[in-house]
Amino acid sequence: MPDLTKHHLIPRTRHSNRRNKRRFSRDEVRNRIAWLCPPCHANLHEQFSNKELEQELNTIDALRNHPVIRRFTRWIARRPPGTRVPIRSWKGD
C-alpha cells in the first residue's frame, strides 16, 4: 500500500461556509477525513469541485458509492503499487 494522503471530506476552503456551520459541529468539520492513495485523491479533486465534495461527497459511503469514483478505483486497483496516473476526466465514456 502506498503512502496515504489525508482528504478532508468537507474541504478546508468550505469550513467557514454558513451551511456547514449549521449542519456540522466545528470538530466534525475539522476531523471528518478519509485516507486515500495519491492517485485516488488527485482524481477526486480533478473530477469534483470543492462545493460538490462538500454537499454531495462528504462521507466515506458517498465516495464509495459514486459511479465515477467506483470506476476509477476498480481501474487503479488493477495497477501495480506506485503507479503514477495522468489525471483526466473520468466522467464521460
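Since the structure is predicted, the reported quantities are computational estimates derived from the model, not experimental observations.

Undergrad: Kindly report on the pattern of salt bridges, identifying the contributing residues and their values.
TA: Under the criterion given, the structure shown has 1 salt bridge. For Asp 61, the salt bridge identified is with Arg 64, shortest N-O distance 3.3 Å. Residue Asp 61 and its partner Arg 64 are located together in helix H5 (residues 60-65), separated by 3 residues, close to a single helical turn.

Undergrad: Give me the pairing of strand E2 (residues 33-36): which residues, what numbers.
TA: The side-chain alternation of E2 yields one buried face, formed by Ala 34 and Leu 36, and one unburied face, formed by Ile 33 and Trp 35. Alignment of strand E1 (residues 5-8) against E2, held across 4 bridges, turns out to be antiparallel. Opposite Lys 6, over in E2, you have Trp 35 as the bridge partner.

Undergrad: Before we move on, can you summarise the side chain of His 41 with the specific residues and values?
TA: One can find His 41 in helix H3 (residues 38-47). Setting aside its immediate chain neighbours within four residues, His 41 contacts Thr 5, Lys 6, His 7 and Leu 36.

Undergrad: Go over the nonpolar core with me, naming the residues and quoting the values.
TA: Burial of nonpolar side chains together is a common tendency in soluble globular proteins. Counting 10 residues, the largest nonpolar core is built from Leu 9, Ala 34, Leu 36, Leu 44, Phe 48, Leu 53, Leu 57, Leu 63, Val 68 and Ile 69. In this view, Leu 36 contacts Leu 4, Thr 5, His 7, His 41 and Leu 44; residues no more than four positions away in its chain are not counted. Grouped together as the second largest cluster of nonpolar side chains are 5 residues, Cys 37, Cys 40, Phe 72 and Val 85 included.

So, how was this worked out
- Residues numbered from 1 in each chain as written.
- Predicted model: local features only at pLDDT ≥ 70, side-chain atom pairs only at ≥ 80, totals over all residues.
- Heavy atoms only, no water.
- Salt bridge = Lys/Arg side-chain N within 4 Å of Asp/Glu carboxyl O.
- Helix = DSSP H or I, 4+ residues; strand = E, 2+ residues; numbered from the N terminus.
- Buried < 20%, exposed > 50% of the residue type's maximum accessible area, 1.4 Å probe, protein only.
- Pairing = 2+ DSSP bridges.
- Contact = heavy atoms within 4.5 Å.
- Core = buried A, V, L, I, M, F, W, Y, C linked by side-chain atoms within 4.5 Å.

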